[in-house]
Amino acid sequence: MPRSIWTGSIAFGMVSIPIRLATAVRDKTIHFHMLSKDGRCRLRRKLYCPETGEEYDFKDTSRGYEVAPDQYVIIRDEELESVKPERGRTIEISDFVDLADIDPIYFDRSYLLLPDEGGAKAYHLLREAMLQTKRIGVARFVMRQHGYLAAIRPLQDALLLHTMHYVDEVTLPSELEDKSLAEVSVDKRELDMARQLVTSLTSDFQPDAYKNEYREQLQELIEAKAEGETITAVSETPDHPPPTYNLMEALKKSVEKAGGKKTKTKTAPRRTKRSKKSA
């Protein structure tokens, strides 16, 4: 059972549904600590003035925004408090839209929305209505003193909430003055061959078919080191082929290699040589 990080309600029109917000994505990144060379001491960072060398405790610091090189505007806690969004416990759905209208670039974090006590019937009513109309909700809410824009959509038997980036936080290709993005004429034969390659590699998305091989191998490395094994790096040739100069020839070979298969070919994971540490 995922742990609830926020409780409140979903509101659309005059309907209010008690809900719990729970994390939908697990951070499994392997994190390291900074140690001394011999590994005997875990190192800590300190706050200090590089000009005088004087150290400062966190309680003796202030927030500053740089408005010019080495020029800062100091923002006090009470001033920051005055502009924080009004605290609330309601996720207010203002619009229902087609999911295809929202580009994935706007999505940030994902959370499970679960019905709280007394909210099961209205919760599933909303979910079913969204499924049948093929619409998702666009909403606003406040969590931990931050205002969020969010998208709410059905996922299996539940509702999922994605926090979203605001439009001024996103850089779209159309905003870039990059000459490499200019229109380039495409040969029809090359396009037909490219479409054939895409078709030959098309399959249903199976999330469990994709593994974080780097993290798994890093975990194996840590476990092996903890058991006293000696690790020796293995040199390998680069995985990436050289740049393509004969595009048509590369497309033909790619289609031949795909052979009309619908499953994605996975490269073998890189390994390291291991040997037991001598006693």
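Right above here is the structure, for reference.
Throughout what follows, the structure given in this document is the object of discussion. Everything numeric in this text was worked out from a predicted model, so none of it was measured.

Topic: the overall build of the protein
No. 1: When helices and strands are tallied, the protein shows five helices and 13 strands.
No. 2: The contacts in the protein between residues at least 6 apart in sequence include a share of 66% that link residues at least 24 apart.
No. 3: For the protein, the accessible area works out to roughly 22,800 Å², and carbon and sulfur atoms hold 52% of it.

Some words on the pattern of salt bridges
No. 1: Under the criterion given, the structure shown has nine salt bridges.
No. 2: The partner of Arg40 in a salt bridge is Asp38, and the shortest N-O contact between them spans 3.9 Å.
No. 3: With a relative accessible area of 75%, Arg40 lands in the exposed category.
No. 4: Members of the salt-bridge network, linked through shared partners, are Arg127, Glu128 and Asp157.

Some points on the environment of Ile102
No. 1: Position of Ile102 relative to the elements: it lies in the loop between β7 (90–97) and β8 (107–115).
No. 2: You can call Ile102 buried: its relative accessible area is 12%.
No. 3: With near-sequence residues (within four places) excluded, Ile102 lies in contact with Val97, Phe107, Ile136, Val138 and Met164.

A look at the nonpolar core
No. 1: If you look at the biggest cluster of nonpolar residues, it comprises 29 residues, and the most contacted ones within it are Leu21, Ile91, Leu113, Ile152 and Leu161.
No. 2: Among the secondary structure elements, those contributing two or more residues to this core are β1 (4–12), β2 (15–23), β7, β8, α2 (120–133), β9 (136–143), β10 (146–155) and β11 (158–164).
No. 3: The biggest single contributor to this core is β9, with five residues.
No. 4: The residues contacting Ile152, other than those within four sequence positions of it, are Ile91, Ile93, Leu113, Met130, Ile136, Gly137, Ala139, Leu159, Leu160 and Leu161.
No. 5: Core analysis: the second largest hydrophobic core is formed by six residues, Met248, Leu251, Val255 and Ala258 among them.

A few points about the packing of aromatic side chains
No. 1: Taken as a whole and assessed by the stated rule, the structure comprises four aromatic pairs.
No. 2: On the numbers, 6.1 Å between centres and 85° between planes, the contact of Phe12 with Phe96 is edge-to-face. Placement of the pair is Phe12 in strand β1 and Phe96 in strand β7, with a sequence separation of 84 residues.
No. 3: By relative accessible area, Phe12 is classed as partly exposed at 22%.
No. 4: Ring centres of Phe141 and Tyr148 lie 5.5 Å apart, and the angle between their planes is 25°; on these two criteria the pair is classed as stacked.
No. 5: On the accessibility criterion, Phe141 (3% relative accessible area) is buried.
No. 6: Using a relative accessible area of 24% as the deciding quantity, one classes Tyr148 as partly exposed.
No. 7: Put simply, the rings of Trp6, Phe141 and Tyr148 touch in pairs and so form one group of aromatic residues.

Re the packing of helix α3 (residues 188–200) against helix α5 (residues 247–258)
No. 1: Closest axis-to-axis distance for the α3/α5 pair is 9 Å, and the angle between their directions is 25°. Looking at the two axes, α3 sits roughly parallel to α5. Of the two elements, α3 crosses α5, and the hand of that crossing is left-handed. Taking contact as the criterion, the partners of Arg189, Glu190, Met193, Ala194, Gln196, Leu197 and Ser200 in α3 are, on α5, Leu247, Met248, Leu251, Lys252, Ser254, Val255 and Ala258.
No. 2: For the contact of α3 with α5, a count of residues per class yields eight nonpolar, three polar and three charged.

Here we look at the environment of Ala258
No. 1: Within the fold, Ala258 resides in helix α5.
No. 2: Among the residues examined, Ala258 registers a relative accessible area of 10% and is labelled buried.
No. 3: Considering only alpha carbons, one finds Ala258 and Leu201, 57 residues apart in sequence, at a separation of 6.8 Å.
No. 4: Once you skip the residues sitting within four places of it in the chain, Ala258 turns out to touch Leu197, Ser200 and Leu201.

Observations concerning α5
No. 1: End to end, α5 covers 16 Å across 12 residues, agreeing with the expected 16 Å (1.5 Å per residue, within 8%).
No. 2: Within the sequence span of α5, burial applies to Met248, Leu251, Val255 and Ala258. Burial along α5 is one-sided: seen end-on, the buried residues are contained in an arc of 95°. Exposed residues on α5 whose side chains face more than 90 degrees from its buried face are Lys253, Glu256 and Lys257.
No. 3: One or two positions beyond α5, positive phi appears at Gly259, with a value near 60°.

Conventions used here
- Residues numbered from 1 in each chain as written.
- Predicted model: local features only at pLDDT ≥ 70, side-chain atom pairs only at ≥ 80, totals over all residues.
- Heavy atoms only, no water.
- Helix = DSSP H or I, 4+ residues; strand = E, 2+ residues; numbered from the N terminus.
- Contact = heavy atoms within 4.5 Å.
- Areas by Shrake-Rupley, 256 points an atom, 1.4 Å probe, with all protein chains shown as cover.
- Salt bridge = Lys/Arg side-chain N within 4 Å of Asp/Glu carboxyl O.
- Buried < 20%, exposed > 50% of the residue type's maximum accessible area, 1.4 Å probe, protein only.
- Core = buried A, V, L, I, M, F, W, Y, C linked by side-chain atoms within 4.5 Å.
- Phe/Tyr/Trp six-rings, centres within 6.5 Å; stacked < 30°, edge-to-face > 60°.
- Axes fitted to C-alpha atoms, helices over the stretch in contact; angles between N-to-C directions.
- Parallel < 35°, antiparallel > 145°, perpendicular 65-115°, else oblique.
- Left-handed = near helix turned anticlockwise from the far one by under 90°.
- Nonpolar A, V, L, I, M, F, W, Y, C, P; charged D, E, K, R; others polar.
- Expected span 1.5 Å × (residues − 1).
- Arc of directions from axis to C-beta.

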